[in-house]
Amino acid sequence: MKLSKKIQHMAVFIEFLTGSGLAIFFHMVLKNPEAAYSIFGIGLLLSLATYLLREEMETTRTQLTSQYIQAHEITFAVAQINDPECQAKAQEILCGIKRTIYLLQQGYMPLDETEYYLEGAKCTDVALHRLKAVDPLTAGWHTRGALMNFYQSNLRALERGVTITRIFVIGHDEIDDPEAQKILLAQYRDGIDVRVAFRSELPIANDISGRDINSSFDFGIYDDQVVTDVFPQSGKYYGRKTATSAEVEKYVKLFKIIDHNAHAVTLEDDRIILASEVLRLAA
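About the thresholds
Residues numbered from 1 in each chain as written. Predicted model: local features only at pLDDT ≥ 70, side-chain atom pairs only at ≥ 80, totals over all residues. Heavy atoms only, no water. Patch = residues over 30% accessible without salt bridge, like charges linked within 9 Å, V, L, I, M, F, W, Y side chains within 5 Å. Areas by Shrake-Rupley, 256 points an atom, 1.4 Å probe, with all protein chains shown as cover. Salt bridge = Lys/Arg side-chain N within 4 Å of Asp/Glu carboxyl O. Helix = DSSP H or I, 4+ residues; strand = E, 2+ residues; numbered from the N terminus. Pairing = 2+ DSSP bridges. Axes fitted to C-alpha atoms, helices over the stretch in contact; angles between N-to-C directions. Contact = heavy atoms within 4.5 Å. 1 Å grid on protein atoms, 1.4 Å probe; cavity = no way out; pocket = protein on both sides within 12 Å on 5 of 7 lines; lining within 4 Å. Points joined across faces, edges and corners; volume = space filled by probe spheres on them. Nonpolar A, V, L, I, M, F, W, Y, C, P; charged D, E, K, R; others polar. Core = buried A, V, L, I, M, F, W, Y, C linked by side-chain atoms within 4.5 Å. Buried < 20%, exposed > 50% of the residue type's maximum accessible area, 1.4 Å probe, protein only.

S.K.: How would you explain a nonpolar patch on the surface if you had to name every residue and give the values?
M.R.: Among the surface-exposed residues, Tyr 68, Ile 69 and Phe 76 lie close enough to one another that they form a single nonpolar patch of about 300 Å² accessible area. The residue Phe 76 is located in helix H3 (residues 73-79) in this model.

Put into structure tokens, the structure is as follows:
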């Protein structure tokens, strides 16, 4: 780098001397002062122009070299791993990184479990109109810290006038389970629009949303602008978040399909039962 700089400075000096020498030659020998001044001025401008051009080229070269090294830093590091087992492990890690980058390219932010419920609470706290959620009927709504804090954000939203519709996806025999009744009853009494959808009644696939709806029944849509979704399979990340309009629209359509197959519920004798069951018994 120092040698290149010296060469550049010498080139500028040589160009300056050449222009000055020609100007002196025209002035002293050929007795043409006007041509001498013109040659000196043009030579000076050319020297300055070539100097600035070399500086720009050198800056660009340095930046490109730095970007190339940065872009291939991981590749170079992996290439220096000689142990076969370590090399295999490195490739496995790279595959995981590629999957994460692919999610980011789609507009999804991968989240671990704590981050997932924290983001859900944040989105609920800023929601202005409606929260639409689909959840499995799992224990922990009033015992697990992260889930409890998320539910508290739901209650704060209800106080602000936000409408919350939550569809629990369950099996036909789960609704009578005492623990399930506790969860359904608590959310129903808190003012949440609780509905129930049976897994066997949901379609296996949904071509509109472009994804297998049987693979995930745990997501939330906040004002139709932001979505949080739990991954159907366990892994490094628990779920993801997106505000990309095209991806949010997929979940909005998916919610409509699940909601179309869901059952309204009602309270009878301190138990949550299907509203359709009440109508059937009344008939």
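Right, picking up where we left off after that structure.
S.K.: Tell me about the sheet that holds strand E1 (residues 108-111), and please be specific about residues and values.
M.R.: The strand order across the open sheet formed by nine strands is E1-E7-E6-E5-E2-E3-E4-E8-E9, and the pairing between neighbours is mixed. At either margin of the open sheet sits one strand with a lone partner, and together these are E1 and strand E9 (271-274). Each strand axis lies, on average, 25° off the axis of its neighbour in the sheet, ignoring direction. Bridging between strand E2 (residues 130-136) and strand E3 (residues 163-170) involves seven bridges; their strand directions are parallel. Along E3, the bridge assignment pairs Ala 133 with Arg 166. Across the sheet, helix H6 (residues 145-159) lies against E2, E3 and strand E5 (219-222), angled at about 140° from E3, the strand it touches most. Against the sheet, helix H8 (residues 245-260) contacts E1, E2, E3, strand E4 (193-198), E5, strand E6 (226-230) and strand E7 (239-242), and its axis sits at roughly 115° relative to E5.

S.K.: An account of empty space enclosed by the protein is requested, with residue identities and associated values reported.
M.R.: Considering all chains together, one arrives at one cavity of 30 Å³ or more under this definition. Approximately 110 Å³ is the volume found for the largest cavity. Looking at the largest cavity, it is lined by 15 residues, and the ones nearest its centre are Tyr 116, Asp 135, Phe 150, Asp 218 and Tyr 222. For the lining of the largest cavity, the secondary-structure elements that each account for two or more residues are helix H5 (113-126), E2, H6 and E5. Looking at the lining of the largest cavity, its residues break down into nine nonpolar, three polar and three charged.

S.K.: I'd like a description of the nonpolar core, backed by residues and values.
M.R.: Counting residues in each nonpolar core, the largest one holds 31 residues, and the members touching the most others are Leu 137, Trp 141, Phe 168, Ile 170 and Leu 184. For this core, the secondary-structure elements that each account for two or more residues are H5, H6, E3, helix H7 (178-189), E4, E6 and E9. Ile 170 has contacts with Leu 137, Ile 175, Val 196, Ala 197, Phe 198 and Arg 199, leaving out every residue within four places of it along the chain. If you look at the next biggest cluster of nonpolar residues, it comprises 19 residues, including Val 134, Leu 202, Val 252 and Ala 262.

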